[in-house]
Amino acid sequence: MKTMYDMIIIGAGPSGCFMAQAFTQAGLKCLMLEAGKHFNKQTYPTNDLDANSQLYWGGGIELNKTADIGFLRPKVVGGGSIVNQALLDRFDDNAFDSWRNVSGIEFFNQETMSYYYDDVLKDIKMQKLGPELRNGNAKIFAEGFEKNGYLCDSLERGQSNCAYENGNDCIECLRGCRIDSKQSAAITILPRALKEGLRLISEFEVTNLKIKEGIHIVEGRFSWGEQASFKAGHVTLASGAIGNSRLLLNSKFNNPNIGRGFYSHPQAMSLAIYDQEINAHKGAFQTMKSSDPNFRLQNFKLENVFAPPVGIAMLLPGIGKVHQERMKRITHMACIEVAIRDQNPGHITVTSDGNLKITKELNEVDRKSLKAGQQAIHQIFKSTGAKEIIDGEFKIGLHLMGGLAIGSTRSKSVVTPNFSLYDFPKIFCADSSIFPNAPGINPSLTIMALSKMASQKIIKGIS
Ligand SMILES: Cc1cc2nc3c(=O)[nH]c(=O)nc-3n(C[C@H](O)[C@H](O)[C@H](O)COP(=O)(O)OP(=O)(O)OC[C@H]3O[C@@H](n4cnc5c(N)ncnc54)[C@H](O)[C@@H]3O)c2cc1C
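Cut-offs applied
- Residues numbered from 1 in each chain as written.
- Predicted model: local features only at pLDDT ≥ 70, side-chain atom pairs only at ≥ 80, totals over all residues.
- Heavy atoms only, no water.
- Helix = DSSP H or I, 4+ residues; strand = E, 2+ residues; numbered from the N terminus.
- Rg over C-alpha atoms; globule rule 2.2 N^0.38 Å.
- Buried < 20%, exposed > 50% of the residue type's maximum accessible area, 1.4 Å probe, protein only.
- Contact = heavy atoms within 4.5 Å.
- Areas by Shrake-Rupley, 256 points an atom, 1.4 Å probe, with all protein chains shown as cover.
- Lys, Arg positive; Asp, Glu negative; His and termini not counted.
- Charge placed at Lys NZ, Arg CZ, Asp CG, Glu CD.
- Arc of directions from axis to C-beta.
- Polar contact = N/O pair within 3.5 Å; in protein donor to acceptor, adjacent residues only side chain to side chain.
- Near = heavy atom within 4 Å.
- Nonpolar A, V, L, I, M, F, W, Y, C, P; charged D, E, K, R; others polar.
- Core = buried A, V, L, I, M, F, W, Y, C linked by side-chain atoms within 4.5 Å.
- Pairing = 2+ DSSP bridges.
- 1 Å grid on protein atoms, 1.4 Å probe; cavity = no way out; pocket = protein on both sides within 12 Å on 5 of 7 lines; lining within 4 Å.
- Points joined across faces, edges and corners; volume = space filled by probe spheres on them.
- Phe/Tyr/Trp six-rings, centres within 6.5 Å; stacked < 30°, edge-to-face > 60°.
- Lys NZ or Arg CZ within 6 Å of the ring centre and 35° of its normal.
- Axes fitted to C-alpha atoms, helices over the stretch in contact; angles between N-to-C directions.
- Parallel < 35°, antiparallel > 145°, perpendicular 65-115°, else oblique.

K.L.:
Help me out: how do you make sense of the overall build of the chain in this one?
P.N.:
Counting its regular elements, the chain contains 13 helices and 23 strands. Taking 463 residues into account, the globule formula puts the C-alpha radius of gyration at 23 Å, and the chain, at 22 Å, falls close to it. Residue burial in the chain is summarised as follows: out of 463 residues, 57% are buried. Within the chain, contacts between residues at least 6 apart in sequence are counted, and of these 74% link residues at least 24 apart. Surface accessibility of the chain: about 19000 Å² in total, with carbon and sulfur atoms responsible for 49%. The chain carries 52 positive and 46 negative side-chain charges, and their two centres are separated by 4 Å.

Spelled out as structure tokens, the structure:
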């Protein structure tokens, strides 16, 4: 409490790390507080159970009120960039047009955002995952798309050298890359911020934010229970869509829009069992994506993915012997996932004792998109010789967005076009929580680009 910081950054995900780097480079005295642990390539968990419990909130998964959508919310230094698939995509015109319409903000356009996308990609190594890297699952994906006349494309991923020839499997890096190939914020941008003087405190969960005589006081507790507080002239919220809403609601900020407009690109996996071995977990396990404009029009995309055994076991319907017999065929399974661009916004609230309550349902339009995607998946599996097709009944949300929507109209938003909170000019945010709706495209490159843009505006405003 003795030190007065210029800026406290809450959350060490991609947004927090990019903001921290820009602030420290500009000479601001910065503290970053992160609830998760600070792992490195030698210390990442090496099995699914440890990874789920140590890298995520809620012991691995948090549920909506109706318990039919599970949210995977990272809790680790580096945030989602430690556990994600590092697929970095630029938004298309469709996504920006809809953001401009709903937010009234003009800088959501290709020309302005391209500058920041390019700037982010100076810090990250990218590799195109061409046909030579397709594993059994990707080959089925490509063959099925061709047979049904759908369009697909190779993916581009933030990675430097996965050395597949040494037998490395990318599915492992869903619990942290142990060869530092995946371009997580923890190995790309955070080390630069630390070098510039950033103080990082991990395993510290912020529970309250208040302002006293113009000074921001950030209170919380370490994972071992000890309480502490820190003070600063300015605060940056970077604890992700759910984290920011929860913190502001528990801190009694009274903008009625906080927690509203929550989106998650809900996705459902379909598995197919083949006579031959597929080994969907091997090598570069996700190399292809759908690029069909008809799919985009119907608000869904198909992904060539697989999940580690615990994930597959959870998604596979059934219990007891039936489930066990199916799991024994895991090496014969192919998997395609449909992710929808959800139209029905959810609502993040907190209970009287500060716990999360997430209301998130699919409406008729969302269900139609999901069904259309599953029908296309069935066509792909059938045309490639699947013996049995199993649709996962449980939906997952990985892209957690909204809750602090950015917008030019105070009555409809939480964050101003200058990335400060309405009525709180020294509290800033540019992470996934400012998304005004679901873009239907991988979000993290845009989160980093917006964080670059925001930090430049904020530094100008402060100095
Ligand atoms: C399995 C998986 C795969 C994904 N794949 C992709 C992909 O391929 N491409 C893509 O673009 N996106 C992907 N995503 C989504 C992407 O990772 C997120 O959109 C992105 O990480 C969000 O960045 P952020 O900085 O807004 O928040 P986060 O990355 O969520 O970081 C927020 C951080 O704040 C911390 N925090 C929260 N509350 C508090 C608190 N009260 N006190 C202190 N710290 C707190 C959290 O612990 C967390 O570390 C994936 C996500 C998952 C889970």
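K.L.:
So what exactly am I meant to see when it comes to helix α2 (residues 48-55) here?
P.N.:
Quick reminder: α-helices carry 3.6 residues per turn. Residues three or four places apart thus point the same way. Residues of α2 that are buried include every one of Asp-48, Ala-51 and Leu-55, and no others. For α2, the angular spread of the buried residues around the axis is 70°, confining them to a single face. Between the side-chain oxygen of the N-cap and the backbone nitrogen of Leu-49 there are 3.1 Å, and the N-cap of α2 in question is Asn-47.

K.L.:
Where do I start with the site of the ligand in this structure?
P.N.:
Every one of the 37 residues lining the ligand counts as a neighbour, but Glu-34, Gly-80, Leu-87, Ser-432 and Ser-444 are closest to it. Take Pro-14: an N or O atom from its main chain is 3.4 Å from an oxygen atom of the ligand. In the environment of the ligand, an oxygen atom lies 3.1 Å from a nitrogen or oxygen atom belonging to the backbone of Ser-15. For the ligand, the protein covers 95% of the area, taking 1000 Å² as the surface of the free molecule. Listed by contribution, the elements that provide at least two residues to the shell around the ligand are α1 (14-25), α3 (80-83), β9 (204-212), α8 (240-250) and α13 (444-462). Here the element with the most residues in the shell around the ligand is β9; it accounts for 3 residues. For the shell around the ligand, the class distribution of residues is 19 nonpolar, 14 polar and 4 charged.

K.L.:
I'm lost on the nonpolar core in this one. Help?
P.N.:
Side chains of nonpolar character tend, in soluble globular proteins, to be buried together. Counting 75 residues, the largest nonpolar core has Ile-8, Leu-33, Leu-237, Leu-404, Phe-419, Leu-421 and Leu-450 as its most contacted members. Those residues in contact with Leu-421 that sit more than four places away from it in its chain are Leu-237, Leu-248, Phe-253, Leu-404, Val-414, Val-415, Thr-416 and Ile-427. The next biggest cluster of nonpolar side chains, apart from the first, holds 58 residues, and it includes Ile-69, Phe-145, Leu-271 and Leu-316.

K.L.:
Sorry if this is basic, but what is going on with the pairing of strand β18 (residues 356-359) here?
P.N.:
On a regular strand, one side chain projects to one face of the sheet and the next to the other, so that they alternate. The sheet contact formed by strand β17 (residues 346-350) and β18 spans 4 bridges and is antiparallel. Note on β18: the bridge partner recorded for Val-350 is Leu-356. Following β17, the chain reverses through 5 residues before pairing antiparallel with β18; Gly-354 in that reversal takes a positive phi of roughly 90°.

K.L.:
Explain empty space enclosed by the protein here, please?
P.N.:
If you roll a probe as big as a water molecule over the atoms, it shows you where there is empty space left. The final tally for this structure, using the stated rule, is 2 cavities of 30 Å³ or more. Approximately 110 Å³ is the volume attributed to the largest cavity. Around the largest cavity, the lining comprises 15 residues; the ones closest to its centre are Ser-81, Leu-88, Gln-183, Ser-184 and Met-448. When residues of the lining of the largest cavity are traced back to their parent elements, those giving at least two are α1 and α13. Residues belonging to the lining of the largest cavity are distributed by class as follows: 7 nonpolar, 7 polar and 1 charged. Taken together, Tyr-44, Ser-81, Ile-82, Cys-177, Asp-180, Lys-182, Ser-184 and Ile-187 make up the lining of the second largest cavity. Its residues assigned to classes, the lining of the second largest cavity comprises 4 nonpolar, 2 polar and 2 charged.

K.L.:
Sorry if this is basic, but what is going on with the packing of aromatic side chains here?
P.N.:
When we look at a pair of aromatic rings, we describe it by the centre distance and by the angle of the planes. Per the stated rule, a full pass over the model turns up 21 aromatic pairs. Between Tyr-274 and Phe-381, the ring centres sit 6.4 Å apart and the planes meet at 75°, which makes this aromatic pair edge-to-face. Taken together, the residues span a long stretch of sequence, with Tyr-274 in the loop between β13 (267-273) and β14 (288-290) and Phe-381 in helix α12 (residues 364-383) at a distance of 107 residues. The residues Tyr-274 and Phe-381 share a single accessibility class, namely buried. Cluster of aromatic residues (ring-pair linked, three or more members): Phe-91, Phe-96, Trp-99, Phe-107, Phe-108, Tyr-117, Phe-419 and Phe-435. Of note, Arg-73 hangs over the ring of Trp-57, and the distance from its end group to the ring centre comes to 4.3 Å. Directly above the aromatic system of Trp-57 lies the positively charged group of Lys-75, at a separation of 4.4 Å from the ring centroid.

K.L.:
Whenever I open this one, the packing of helix α6 (residues 136-148) against α12 confuses me. Can you help?
P.N.:
To describe two helices that pack against each other, one gives the angle between their axes and the distance between the axes. Contact geometry of α6 with α12 gives a least axis separation of 8 Å together with a crossing angle of 100°. Between α6 and α12, the angle is such that the two are roughly perpendicular. Between α6 and α12, the contacting residues are Ile-140, Phe-141, Glu-143, Gly-144, Phe-145, Lys-147 and Asn-148 on the first element and Gln-379, Ile-380, Phe-381 and Ser-383 on the second. Among the residues making up the contact of α6 with α12, the classes are represented as 5 nonpolar, 4 polar and 2 charged.

K.L.:
Could you clarify how one ought to interpret the layout of surface pockets in this entry?
P.N.:
Here the second largest pocket defines a volume of roughly 450 Å³. As for the second largest pocket, its lining consists of 26 residues, and the residues nearest its centre are Ser-290, Arg-296, Lys-301, Gly-440 and Ile-441. Looking at the lining of the second largest pocket, the elements that each hand over two or more residues are β14, α9 (293-297), β15 (300-304) and β16 (333-340). It is β15 that contributes the most residues to the lining of the second largest pocket, 4 residues altogether. Considering only residue class, the lining of the second largest pocket consists of 9 nonpolar, 7 polar and 10 charged.

K.L.:
Teacher, can you tell me more about α8 here?
P.N.:
Along α8, 10 of the 11 residues are buried, which leaves the element largely enclosed by surrounding structure. Along α8, the residues that are buried comprise Gly-240, Ala-241, Ile-242, Gly-243, Asn-244, Ser-245, Arg-246, Leu-247, Leu-248 and Leu-249. Lys-252, located one to two residues past α8, shows a positive phi value of around 65°.

K.L.:
Quick question: what am I supposed to make of the sheet that holds β17 here?
P.N.:
Through backbone hydrogen bonds, the strands of a sheet pair up, either in parallel or in antiparallel fashion. Pairing within the open sheet is antiparallel, and its 4 strands lie in the order β18-β17-β12-β21. Edge strands, defined here as strands with exactly one partner in the open sheet, are β18 and β21 (401-403). Here the strands of the sheet are splayed against their neighbours by 35° on average, with no regard to which way each runs. Set on the sheet, α8 makes contact with β12 (260-263), β17, β18 and β21; between it and β17 the angle comes to about 45°.

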